[in-house]
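Coordinate inspection notes
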Amino acid sequence: MPSDRLAALRAQNNTDALPDAENGQAGYELKDIRVPSGTEGSMSTFFSTVGSLQDAIKKYDKNVLAIAELQSRSLTALDENASRQYQSELDALAAETRTLGNNLSKQIQQLTTWPVKAGDIQPRNNQIGLVKSKFTEALQRYQKVEQQHREKERERVARQFKIVKPNATPEETAAVVNEAGAGSNQIFAQAVSSSERYGQAREALEDTQTRQQALQRVEKTLSELVQLFNDMATLVLQQEETINHVEATASIIKGDVQEGDKQLGVAIIHALNARRGRQICFGIFLIIVIALGLGLGIYYGYVLPKAQGH
């Protein structure tokens, strides 16, 4: 029985004594993001949160390296007990990595709701885009590891079947390799019953059944990775919509301000014209009053007395 390889692989990949998770299993605990309420959150806290997510992505990457190593050892194990031990450790690490990946996806999405003032929207979106890009790259690396392992598992199943039935047709081999259900096991079992080397054939059947179960787990993991990819793709679209909305709003505000300045300029011109008109009217009024005063003065002071004396 091999020793606990999981702890050794973590040390080998420099994961530094990962803290205990809440369920008591060794793992990386990613604390929940507390998105502030209100119209503006602290940018220093935001950047600190981004740093924590980047650290978690590094742990995710290191887990993927450890998973690849365990997969390789599982395929080259010399006996069934060793293979099962490696597979047990692999399942535990894959479950831990799955939880970490789901938490990362959720928290990156939550980060997009971090409230900031208008001037900090672009820096916030840049940081979110950086974290999303790093996480997507980590997902792609994990996907590649699982795809390569799937091919190696299929090759192992095909070789085991060829041991039992050297003259197997391509269709029979494909059925055993690609179908992990009762139909493929029945084909294999029939080949075992007709084999002259029954003991070796029986071991090959047991190993194949184990590999088929591993293939099912690989397919499940790949499906989960596709979902995480979709989540990140949706996040990009949401960010673009938000940015477009902000830009459209800013454009509308800018247009409103420009229109307001234009209207204010027109109003000032009207006000100046009205003031000038009032000044002109007042000047005309003064001229009329002065002219009237002069006319009355001349009439009563000169014309009327002269007419009475005559």
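Analysis parameters
- Sequence positions are assigned chain by chain, starting from 1 and proceeding in written order.
- Totals for whole chains, interfaces and linings use all residues, but because this is a predicted model, local features are given only for residues with pLDDT of at least 70 and pairs of side-chain atoms are given and counted only at 80 or more.
- As a convention, hydrogens and water are excluded, and side-chain values are obtained from all of the structure's heavy atoms.
- UniProt positions are given in the numbering used here, feature names are shortened, and annotations may be inferred rather than shown by experiment.
- Per-residue confidence from the prediction method is given by pLDDT, with values spanning 0 to 100.
- Counting from the N terminus, the helices are DSSP H or I runs at least four residues long and the strands are E runs at least two residues long.
- By definition in these notes, contact holds between two residues if any of their heavy atoms fall within 4.5 Å.
- Any residue with relative accessible area above 30% and no salt bridge may belong to a patch, with like charges joined within 9 Å and the nonpolar Val, Leu, Ile, Met, Phe, Trp and Tyr side chains within 5 Å.
- Per-residue and other accessible areas follow the Shrake-Rupley method at a 1.4 Å probe size, with only the shown protein chains counted as cover for residues.
- Think of a salt bridge as a Lys or Arg side-chain nitrogen and an Asp or Glu carboxyl oxygen that are within 4 Å of each other.
- Throughout, exposure labels follow a simple rule: accessible area from a 1.4 Å probe, protein chains only, divided by the maximum for the residue type, with under 20% read as buried, over 50% as exposed, and the rest as partly exposed.
- Helix axes use the C-alpha atoms of the stretch in contact, all axes being lines fitted to C-alpha atoms, and the angles between their N-to-C directions lie in the range 0 to 180 degrees.
- Angle categories: roughly parallel below 35 degrees, roughly antiparallel above 145, roughly perpendicular from 65 to 115, and oblique for all the rest.
- Two helices cross in a left-handed way if the nearer one is turned anticlockwise from the farther one by less than a right angle. They cross in a right-handed way if the turn is clockwise.

Per an unreviewed UniProt entry, the chain is named t-SNARE, and its organism is Athelia psychrophila. In its Subcellular location (unreviewed entry) section, the UniProt record describing the chain reads: "Membrane". Listed under Sequence similarities (unreviewed entry) in UniProt, the entry text for the chain is "Belongs to the syntaxin family."

**Let's talk about the confidence of the model for the chain**
Here the chain averages 76 in pLDDT, while 68% of its residues score no lower than 70. Averaged over each element, pLDDT in the chain is lowest for helix α1 (residues 5-12) (54) and highest for helix α2 (residues 43-75) (94). Here residues 14-26 is modelled with pLDDT under 50, and outside its nearest four sequence neighbours on either side it reaches 22 contacts, counting other chains as well. Throughout residues 241-250 the model reports pLDDT below 50, and contacts reaching past four residues in sequence, or to other chains, amount to 2 contacts.

**Section: a nonpolar patch on the surface**
On the surface, a nonpolar cluster with roughly 600 Å² of combined accessible area is contributed by Phe282, Phe285, Leu286, Val289, Ile290 and Leu294. Following the sequence through the fold, Val289 ends up in helix α7 (residues 198-309). On the basis of relative accessible area, Val289 is assigned to the partly exposed category, the value being 41%.

**Thoughts on the packing of helix α4 (residues 121-164) against helix α5 (residues 170-178)**
At a minimum axis separation of 9 Å, α4 and α5 run at an interaxial angle of 130°. When the interaxial angle is binned, α4 and α5 end up oblique. Where α4 crosses over α5, the handedness of that crossing is right-handed. Of the residues in α5, those touching α4 at Arg154, Val157, Ala158, Phe161 and Lys162 are Glu172, Thr173, Val176, Val177 and Asn178.

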